[in-house]
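# Notes for the structure review
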Amino acid sequence: MNNTKRMRKKMRNKALSVLFCVLVYLFLFLPISVIVANSFNATTSKPYMMWKGFTLDWYSKLFDNTLLLESFENTMIIAIVSTLLATVIGTLGAVGMYRYRFKGKGIINGLLYIPVVIPEIVIGIALLTLFSKVNIPRGMITLILAHVSFSVPFVIFNVRARLSGYDKSVEEASMDLGANRIVTFFEVTLPILAPGIGGGALLAFTLSIDDVIISYFVNGQTKTYPLKVMESIKSGVAPDVNALSTLILIGTIVLVTLTQSDILKRKGK
Amino acid sequence: MKKKRSKHEFRANTLPAMVTVGPMVLLLIFLVVAPLIFVAVMSFCQTDQYYNVVYKFTAENYSKLISPDYLKIYGQSILIALLTTIVCIIIGYPFAYIIARCKSKKKKLLYMLVIVPFWTNSLIRIYGWRTFLGSNGWLNSVLQNLHIIKEPVDFLYKTGTTVLGMVYCLIPFMILPLYTAIEKLDGSLLEASSDLGAKPYKTFLEVIIPLTSGGIFSGSIMVFIPCLGYFFVSNILGGGNTDMIGNLIERQFKSANNWPLGAALSIILIVVTLILVKIYQKLGGDMEDLGV
Amino acid sequence: MSRGKLFKRALSIALTGAMALSVFTGCGGSDSSAGKNGELNIFVWTEYVPDSVIKKFEKETGIKVNVSTYSSNEDMLSKVKSESAGAYDIVQPSDYMVEQMISQNMLEKLDFDKLPNFSNIGDSYKNPDYDPGNVYSVPYLGGAGAIVVNTKKIDKDIKSYADLFDSSLEGKLVVLDDFRAVIGMTNKALGYDFNETDKDKLKKTEEKLKQLKKNVVLYDSDSPKSAIISGDCSAGMIWSAEVAMAMDENPDVEVVYPEEGPYLFFDNWCITKDSPNYDNAIKFINFMMDPDNMVLVLKEFPYLCANTKAIEEMGEEYSSNPAKNPPEDVIKKGSYVKNLDSDILDKYSEMWTKLKK
């Protein structure tokens, strides 16, 4: 008797928690479903709110919207370049901070938290005032510089997490075997740090492609995809923007599923 | 002899240190420290009649910013950020708990499903809420078709809508650290507690919460602080009615043209941030936890 | 859309990675810094110059045009100032802003030998007070801050700006996100000058704004018609052409010109100081004064038009529609924004901060 009661209670708890999770996922995915639905909306009149029937037109019209595609290209260029730079600078920095002695390490360590903690808008206006004072024309270069500056700390933290469980003796062994420092770095240190570097790079890339606030202040006439969206929001988001967002989402899901399942498989072996 | 040693020291330590840490230090100096110092300087500057910045000392910007109108905006911003943080904890904690203690293989999938929505541009998702909540939006249509309401309800352009948008944008920053903290919990500890006769809620309050407080603190910091600066959420969902500090700063730089005033506002925001981080550290929070 | 073209597009996106590398090594050769390559950078209002017209210009002249948009004159001024000189070739300031930019030496004189289409502009639009003799500017479009009403949702008979302050309209209004327009409107509602400078009167205006605060739910200069069409707002003060567009979508929507006389604006084509593409910019401005091209503009954005030839081509339906072509007596009663002293202007922005807090 008591047992069935407990069982029932357990079942009820389980049902409740499943329901709760479903609701949270609904909340998270609701706007996405609006985006996907609107990418099939046949309406052609601004602000594109009324549902006028189903169409696939926007997916082909999208490829005529050169400005939109250009902004997406810009976003990809900025994300790739800034991720590369941030990953190199960040990895070197993390290794150097871990291994060598020098003055001001504590200060540098503290400074690293600034871009992480301070609201993006402050970083944005600070870079804007500086760039306009020293008269660097706003555009691709300033966007890349800004993105590098806010992603480096994230790379460093990721690599550092990996370094803390790192056995220095492996490197010493390599040096003892006659490899020089540079060979050791590439052949021994780097492979060990790879997961941390990869995680940091992925984070930097993600931050870069979705950045609105900092880019908004330092972009000049160069439009990134988020800024293009910001502009199109002013007059009602056109279904082709929704279509591109849907494609990007599908692309990332496929990409991640592929890489994830790959990792899982390897683990299985 | 001494020279030789210092030469060795140079090759073994100073040179590689410069090569590895150098680029990062340059980056920090030129793209983080210099701009912030410049903002601090500008916050004490004046403007001419055309709102060009004049480099002449004044404290007027700050005296302006302690007027009741501005204080009200700070209060409002902090209130919205606080509400957002609380809602994020209330929704995020049980949610993170359920998925972190989930034993099935689906755990990883459940975790990934939290992140997936955030691969779509945040602005367009916020705009999605506007479409959903509008007078002719999905929600009103559904409610009208179910005859729950007769006339469309105005959901948009309220303070509550801004909070909803903020929660939506920032909740993963609450869920993810909580997930990590809860996952680390030792299951046997919980069993011990219940074996010793503790009621579930007591176990929760006295064992689970203290053990995961680190996650709560770091999640709160990562929700609260960005919330103060997310001007676009209150622009899109709040209708421009409830300004936050972020909106004020944005306006000074983008339309009102008063850069020194905007700089002073930014300094205030930095100070608020630093105070919060200090509190966080005092509570035993680990700075490393804010990194991811 | 041919399949080949589609494939090419897809390929070009896929190759972005490779391009990125070239930027990386070549230190950003693709950076469009100040259009040395002859590309025209124009900075215009949102929802004001149709893409189709820009594409037509590109096709006819082979000159590439990069369009950026802004939402208020102050936005534009701020961005032009903070960019390096010549970042934008063409801007589109309103009346008072033209005057301000002239006095700050931010504009280039126009070469009228190369602007034969200027003859299409109506005489009443030439030689404005803000730029005597059209030395720096040629007029484009204008309009009024008109009252929009959805008669199905609003019972009250709205005739004036003052009526918008009525407590029955609580939570229903959309107004322009523009401090001079909204505060000016409030001045008018109290019977003051649109550009009132008397500090005692401005105190009363500040009080009056509190009533407005309750009524307004949305501040939007970019596309205020959206909120009217979607039903989120049922009345307000928005650009006259935006009312016209909302009327096309919803027959319940009406335009009202306030008894006090409306807020008026006129936007102009100007070339920025030291523009590196002066010749192309002049070509563009001349192109935009061609009646056929203006007809394309008016079909999409039905504003008050300075191009009399274009109005003629649009026909009776256009010129007799009060929202698209505000009647002359309305224009006569209206007022433009004037440049104010900085202490008064500070007062205005302070009032704006209070309104939006």
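The structure presented is a predicted model; accordingly, all values stated were derived computationally and were not measured.

## Digging into the overall build of chain B
- The helix and strand inventory of chain B stands at 12 helices and 2 strands.
- The secondary structure elements of chain B, listed N-terminal to C-terminal, are α-β-β-α-α-α-α-α-α-α-α-α-α-α.
- The C-alpha atoms of chain B give a radius of gyration of 25 Å, which is well past the 19 Å a tight globule of 292 residues would have.
- Expressed as lengths along the three principal axes of its C-alpha atoms, the size of chain B is roughly 75 × 65 × 35 Å.
- Here chain B holds 292 residues, and the buried ones make up 44% of them.
- Excluding contacts between residues fewer than 6 apart, the proportion of contacts in chain B whose partners are at least 24 apart in sequence is 71%.

## A few points about the overall build of chain C
- Check the secondary structure of chain C and you find 15 helices and 12 strands.
- Looking at chain C residue by residue over its 357 residues, the buried ones come to 50%.
- Considering only residue pairs separated by 6 or more positions, chain C has 75% of its internal contacts joining residues 24 or more positions apart.

## Remarks on the interface of chain A and chain B
- Counting residues at the interface gives 64 residues for chain A, matched by 65 residues for chain B.
- Looking at the side of chain A that touches chain B, the elements with two or more residues in it are helix H1 (2-38), helix H3 (66-99), helix H4 (105-117), helix H5 (120-133), helix H6 (140-163), helix H9 (213-218), helix H10 (225-234) and helix H11 (239-268) of chain A.
- The element that contributes the greatest number of residues to the side of chain A that touches chain B is H1 of chain A, accounting for 13 residues.
- Here the side of chain A that touches chain B is built from residues that sort into 52 nonpolar, 8 polar and 4 charged.

## Things to note about the nonpolar core
- Grouped together as the largest cluster of nonpolar side chains are 249 residues, with contacts concentrated most on Leu127 of chain A, Leu170 and Cys227 of chain B together with Ile90, Ala146, Val148 and Val243 of chain C.
- The biggest single contributor to this core is H3 of chain A, with 16 residues.

## What about the packing of H5 of chain A against helix H11 (residues 245-254) of chain B?
- Close contact between H5 of chain A and H11 of chain B brings their axes to 10 Å; oriented N to C, the two are set at 15°. Here H11 of chain B runs roughly parallel to H5 of chain A, going by the angle between their axes. Two packed elements cross with a definite hand, and for H5 of chain A against H11 of chain B that hand is left-handed. Between H5 of chain A and H11 of chain B, the contacting residues are Ile121, Ile125 and Leu128 of chain A on the first element and Gly246, Ile249, Glu250 and Phe253 of chain B on the second.
- For the contact of H5 of chain A with H11 of chain B, the per-class residue count stands at 5 nonpolar, 1 polar and 1 charged.

## Quick look at the packing of H6 of chain A against helix H8 (residues 181-210) of chain A
Residue and element names in this part refer to chain A.
- At their nearest, the axes of H6 and H8 sit 8 Å apart, and the two run at 155° to each other. Considered as vectors, H6 and H8 are oriented roughly antiparallel to each other. Helix-helix and strand crossings are classified by hand; for H6 and H8 the assignment is right-handed. For the pair H6 and H8, contact is made by His147, Phe150, Ser151, Phe154, Val155, Asn158, Val159, Ala161, Arg162 and Leu163 and by Leu193, Pro195, Gly196, Ile197, Gly199, Gly200, Ala201, Leu203, Ala204, Leu207 and Ser208, respectively.
- Its residues assigned to classes, the contact of H6 with H8 comprises 13 nonpolar, 7 polar and 1 charged.

## Remarks on the domain arrangement of chain C
Residues and elements named next belong to chain C.
- For chain C, the assigned domains are domain 1 (32-142 + 266-324) and domain 2 (143-264 + 330-356).
- Taken over C-alpha atoms, the centre of domain 1 sits 26 Å from the centre of domain 2.
- With 18 residues of domain 1 in contact, the opposing surface of domain 2 contributes 19 residues.
- The element contributing the most residues to the side of domain 1 that touches domain 2 is helix H5 (residues 95-103), with 4 residues.
- Broken down by class, the residue content of the side of domain 1 that touches domain 2 amounts to 8 nonpolar, 6 polar and 4 charged.

## As for H6 of chain A
Residues and elements named next belong to chain A.
- Helix length check: H6 (24 residues) gives 33 Å between terminal C-alpha atoms against 34 Å at 1.5 Å per residue, within 8%.
- At Ser151, H6 shows its maximal kink, close to 35°; a proline, Pro153, follows between one and four residues later.
- Within H6, 20 of the 24 residues are buried, which leaves the element mostly enclosed by the surrounding structure.

## Things to note about the environment of Asn3 of chain A
- As for its placement among the helices and strands, Asn3 of chain A is situated in helix H1.
- A sequence separation of 207 residues divides Asn3 of chain A from Asp210 of chain A, and the C-alpha atoms of the two residues are 52 Å apart.

## Regarding the confidence of the model for chain C
All names here are of chain C.
- In this model, chain C carries an average pLDDT of 88, and 90% of its residues clear a pLDDT of 70 or more.
- Every residue in residues 1-36 is under pLDDT 50, and counting partners more than four places away or in other chains gives 49 contacts.
- As scored by the predictor, the complex reaches a pTM of 0.88 and an ipTM of 0.90.

## A closer look at the environment of Pro47 of chain A
- Assignment of secondary structure puts Pro47 of chain A in the loop between H1 and helix H2 (57-61).
- For Pro47 of chain A and Ser245 of chain A, which are 198 residues apart along the polypeptide, the C-alpha to C-alpha distance reads 18 Å.
- For Pro47 of chain A, the contacting residues outside a window of four places in its chain are Ser235 and Gly236 of chain A together with Ser223, Ser226 and Ile229 of chain C.

## Description of unusual backbone geometry
Residues and elements named next belong to chain B.
- A positive phi angle, close to 70°, is found at Asn257, a residue other than glycine.
- Among the structural elements, Asn257 can be located in the loop between H11 and helix H12 (259-282).
- On the neighbour-count criterion, Asn257 (23 C-beta atoms within 10 Å) is buried.

## A closer look at the environment of Phe43 of chain C
Residue and element names in this part refer to chain C.
- Mapped onto the elements, Phe43 comes out in strand E1 (residues 40-45).
- Under the C-beta neighbour-count criterion, Phe43 is labelled buried, with 23 such atoms within 10 Å.
- When residues no more than four places from it in sequence are discounted, the contact partners of Phe43 are Ser68, Tyr70, Met76, Tyr88, Ile90 and Val91.

Reading the values: the criteria
- Residues numbered from 1 in each chain as written.
- Chains lettered and ligands numbered in written order.
- Predicted model: local features only at pLDDT ≥ 70, side-chain atom pairs only at ≥ 80, totals over all residues.
- Helix = DSSP H or I, 4+ residues; strand = E, 2+ residues; numbered from the N terminus.
- Rg over C-alpha atoms; globule rule 2.2 N^0.38 Å.
- Buried ≥ 20, exposed ≤ 12 C-beta atoms within 10 Å, placed from the backbone.
- Contact = placed C-beta atoms within 7 Å.
- Nonpolar A, V, L, I, M, F, W, Y, C, P; charged D, E, K, R; others polar.
- Core = buried A, V, L, I, M, F, W, Y, C linked by C-beta atoms within 7 Å.
- Axes fitted to C-alpha atoms, helices over the stretch in contact; angles between N-to-C directions.
- Parallel < 35°, antiparallel > 145°, perpendicular 65-115°, else oblique.
- Left-handed = near helix turned anticlockwise from the far one by under 90°.
- Domains from an automatic or database assignment.
- Expected span 1.5 Å × (residues − 1).
- Bend = angle between axes of the 7 residues up to and from the residue.
- pLDDT = per-residue confidence, 0-100.

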